[in-house]
Amino acid sequence: MVQTLNLPKKVYFKSGCTPVALRELGEIYHCSRALLVTDPQLYRAGVTAPIIDQLRRQGIRAAEFFTIGKRVSVSDLRSALPKLNEFQPDVIVGVGGDNAMSAAKALLALYGDPDLDLAAAAADPARIPACAKAKLVLIATNFSSGSQNSPFAILKGEEGQAIVLKSIHLLPEISVTDADFTAGLTAEQVRTCGLKSLSHAVRAYLDPDCTELTAGMLTEAIAAVLKYTERAMNGSPSAREKLHNAAALAGASYGNVVDAITPDLPYFPTGEEIAVSDNDVRCAELAECLGFAGCRDFFSACQSV
């Protein structure tokens, strides 16, 4: 069986790297029109303003779409299509957390095929087109699932059901993991993001389809969350950068391991996972690699985050 590692074409990761990444849109890709996709909270807080300003200074016209709910819905996306088709962007820039980046990915798919049935595409990923009209750039402002590096988009269907898309065509041309965006996160938000990253990373590592390449990235991600979450909650910029990078590693990995993700899963480990994994060889290997005496000690460390 042939194994592949599908990743964004270019991954930027360093505090303050966003302006450098955005320069590529003008200097290398020669983009002229950018649609910026974000959520209303970030837009009102002015988080996206410097990005829009830089695009415009580069001679790139910018339009914004931020009318999305707490989980972007199919109706939210359909409402954006008139602006999308009128403006005809050659790059879509998603700025935010999982929700905004899911919206940007889904809009890219709809831009490529306006008649795409998103619910049907969840069951048959081959329906998702490679969009030739625009590039995709994803800028993460928190460190929950590393969606900027993953091929997944989570949406809400017409009847309120979760729709999970997965396709290599949803991977961005450029992903940006810039910890400067995490400075405004509260301690509780930091902890929540860390727990989500940890849960994604551990479950992907324990999956039978985890490979040597993904295992290395996942181990680094798990170790960073366990080591740096408390410091990040106390405001350490360097610790927040470690967590932001950890989520990016998790996102780059689990998309190459699992075929589907379940939204709103409880944090790792659940009681069932403790029972199943306590005698699991992969769990024992992971615990040993991280310096724990066994799975139980590892579970306790995860629960104490």
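In case you missed it, the structure is sitting above this.
Draft legend 1. A look at the sheet that holds strand 1 (residues 10-13). What the six strands build is an open sheet, ordered 1-8-5-4-2-3; its pairing is parallel. Two strands lie at the open edges of the sheet, namely strand 1 and strand 3 (61-65), each paired on one side alone. For this sheet the average axis-to-axis angle between neighbouring strands, irrespective of direction, equals 15°. Against the sheet, helix 4 (residues 74-87) makes contact with strand 2 (33-37), strand 3 and strand 4 (91-96), and its axis sits at roughly 165° relative to strand 3, the strand it touches most.

Draft legend 2. Geometry of the environment of Arg44. Within the secondary structure, Arg44 is located in helix 2 (residues 40-44). For Arg44, a relative accessible area of 64% corresponds to the exposed category. Taking the C-alpha atoms as reference, Arg44 lies 39 Å from Gly216; in sequence the two are 172 residues apart.

Draft legend 3. Layout of the packing of aromatic side chains. With the rule as written, the count across this model stands at six aromatic pairs. Between the aromatic rings of Phe268 and Phe299, the centroid separation amounts to 5.9 Å while the plane-to-plane angle is 65°, which identifies the pairing as edge-to-face. Of this pair, Phe268 sits in the loop between helix 9 (237-254) and helix 10 (271-277) while Phe299 sits in helix 12 (residues 295-303), placing them 31 residues apart in sequence. Its relative accessible area of 2% is what places Phe299 among the buried residues. Residues Phe292 and Phe298 carry aromatic rings whose centres are separated by 5.8 Å and whose planes lie at 55° to one another, so their mutual orientation is tilted. A relative accessible area of 0% places Phe298 in the buried class. Ring pairing ties together the aromatic residues Phe268, Phe292, Phe298 and Phe299, which thus form one cluster. Lying across the ring of Tyr205, Arg282 places its NZ or CZ 4.5 Å from the centre.

Draft legend 4. Region of interest: the pairing of strand 3. In terms of residue burial, strand 3 counts as a mostly covered element, since four of its five residues are buried. In terms of strand pairing, strand 2 meets strand 3 through five bridges, oriented parallel. Pairing of Leu36 across the sheet is with Glu64, part of strand 3.

Draft legend 5. Representation of the packing of helix 7 (residues 187-206) against helix 9. Closest axis-to-axis distance for the helix 7/helix 9 pair is 9 Å, and the angle between their directions is 35°. Helix-helix and strand crossings are classified by hand; for helix 7 and helix 9 the assignment is left-handed. Judged by residue contacts, Val190, Ser197, His200, Ala201 and Ala204 of helix 7 engage Arg240, Leu243, Ala247, Ala250 and Tyr254 from helix 9.

Draft legend 6. Representation of the nonpolar core in the model. Counting residues in each nonpolar core, the largest one holds 42 residues, and the members touching the most others are Val202, Ile222 and Phe298. Going through the elements one at a time, strand 6 (152-156), helix 7, helix 8 (212-233), helix 9, helix 11 (281-289) and helix 12 are the ones with two or more residues in this core. Ranked by residues supplied to this core, first place goes to helix 7 with nine residues. Counting residues in each nonpolar core, the second largest holds 36 residues, with Leu35, Ala80, Leu108 and Ala121 among its members.

About the cut-offs
Residues numbered from 1 in each chain as written. Predicted model: local features only at pLDDT ≥ 70, side-chain atom pairs only at ≥ 80, totals over all residues. Heavy atoms only, no water. Pairing = 2+ DSSP bridges. Helix = DSSP H or I, 4+ residues; strand = E, 2+ residues; numbered from the N terminus. Axes fitted to C-alpha atoms, helices over the stretch in contact; angles between N-to-C directions. Contact = heavy atoms within 4.5 Å. Buried < 20%, exposed > 50% of the residue type's maximum accessible area, 1.4 Å probe, protein only. Phe/Tyr/Trp six-rings, centres within 6.5 Å; stacked < 30°, edge-to-face > 60°. Lys NZ or Arg CZ within 6 Å of the ring centre and 35° of its normal. Left-handed = near helix turned anticlockwise from the far one by under 90°. Core = buried A, V, L, I, M, F, W, Y, C linked by side-chain atoms within 4.5 Å.

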